[in-house]
Amino acid sequence: MNVLETLRAELAISTARLLATAAVLSDDDVAAPSRLPGWTRGHVLTHVARNADSHVNLMTWARTGVVTPQYPDPAARDAGIEAGAARPAKEQLADLEESAAGLAEAIEAVPAEGWTTLVGGIRSPGHPAWYVLVRRIREIGMHHVDLGAGYACADWPEVFVRRELHDVMVSWPHELSTVSEIVVEEVKEGDKHHQIWRELGSGPVVQGDAWTLLGWLTGRSPGTGLRVMPEGSHGERPTGADAGPLPAPPPWMIRTAPLHLPITPPEEYPSTTPS
């Protein structure tokens, strides 16, 4: 077994959840503002649908070996979103369903050797085709929250949170960092453990649970409940220390994919965690 099976199952579940949310939206709901500045919910839904189509292009690349760009160019991507944003709820839902089904068929058509094909999006770097599944799950998970229609960061599945937090951290913009360390609090079998990402830059240490940290780092949560400690405290607040308010997170600059991904689909992803 490799990661493809688990990612396919996860993608099916995340898609079904998004479709369930979209199915109860009215025309007025779809025309209302989303949580993304300048975008209605219709913009978000259309973007997710066109993103599925774009990933069909990458699956075609993987299946045939013929370079098939995800989008012709950024302008074409933006135009596609604008063209469909004002549609009524029924049309939005049908588009989401049809585009998701088309992508599922394209995924099934990729032969085993195709998953090692190097493909790429609008931004660099390129990556092995198996990581397209991770990218699609990310699009659905993040934009489901962006709809502002009842699905929140706390609703993200644990496997999604752990993988996305890993990819955010390994893509960390050190030159723009506002913190020195990120400390992830975990409780296992009643015992508290810390996962620490060190040497991120200058600034305080920020500590909290994985869901709140991921929401804050991706701009989808104000970070309420995160702890702020002085630089060098390694997750332990010195007596009387005051590190001040929570800083703004650095820009969410996750690349199309992290660097140094394995070419062959691994058994699991991510396969390692920081100490």
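Summarised in this report is the structure supplied together with it.

## Topic: the overall build of the protein
- Within the protein, the secondary structure is distributed over 8 helices and 6 strands.
- Ordered by position from N to C terminus, the α and β elements of the protein give α-α-α-α-α-β-β-α-α-β-β-β-α-β.
- Over its C-alpha trace the protein gives a radius of gyration of 20 Å, about what one expects of a compact globule, namely 19 Å for 275 residues.
- With respect to the three principal axes, the spread of C-alpha positions in the protein is 60 × 45 × 40 Å.
- Across the 275 residues in the protein, those meeting the buried criterion constitute 48%.
- Taking the contacts inside the protein whose residues are at least 6 apart along the sequence as the reference set, 69% of them involve residues at least 24 apart.
- Looking at the protein as shown, the accessible area adds up to about 12900 Å², and 55% of this sits on carbon and sulfur atoms.
- Across the protein, the centroid of the 22 positively charged side chains sits 1 Å from that of the 35 negatively charged ones.

## Looking at helix α7 (residues 158–170)
- Between its terminal C-alpha atoms α7 stretches 18 Å, which fits the 18 Å expected from 13 residues at 1.5 Å a residue.
- Those residues of α7 that sit buried are Phe 160, Val 161, Arg 163, Glu 164, Leu 165, His 166, Asp 167, Val 168 and Met 169.

## Let's talk about the environment of Ala 112
- Mapped onto the secondary structure, Ala 112 falls in the loop between α5 (89–108) and β1 (118–119).
- Note on Ala 112: relative accessible area 66%, which makes it exposed.
- As a C-alpha pair, Ala 112 and Ala 62 span 50 residues in sequence and 9.8 Å in three-dimensional space.

Calculation criteria
- Residues numbered from 1 in each chain as written.
- Predicted model: local features only at pLDDT ≥ 70, side-chain atom pairs only at ≥ 80, totals over all residues.
- Heavy atoms only, no water.
- Helix = DSSP H or I, 4+ residues; strand = E, 2+ residues; numbered from the N terminus.
- Rg over C-alpha atoms; globule rule 2.2 N^0.38 Å.
- Buried < 20%, exposed > 50% of the residue type's maximum accessible area, 1.4 Å probe, protein only.
- Contact = heavy atoms within 4.5 Å.
- Areas by Shrake-Rupley, 256 points an atom, 1.4 Å probe, with all protein chains shown as cover.
- Lys, Arg positive; Asp, Glu negative; His and termini not counted.
- Charge placed at Lys NZ, Arg CZ, Asp CG, Glu CD.
- Expected span 1.5 Å × (residues − 1).

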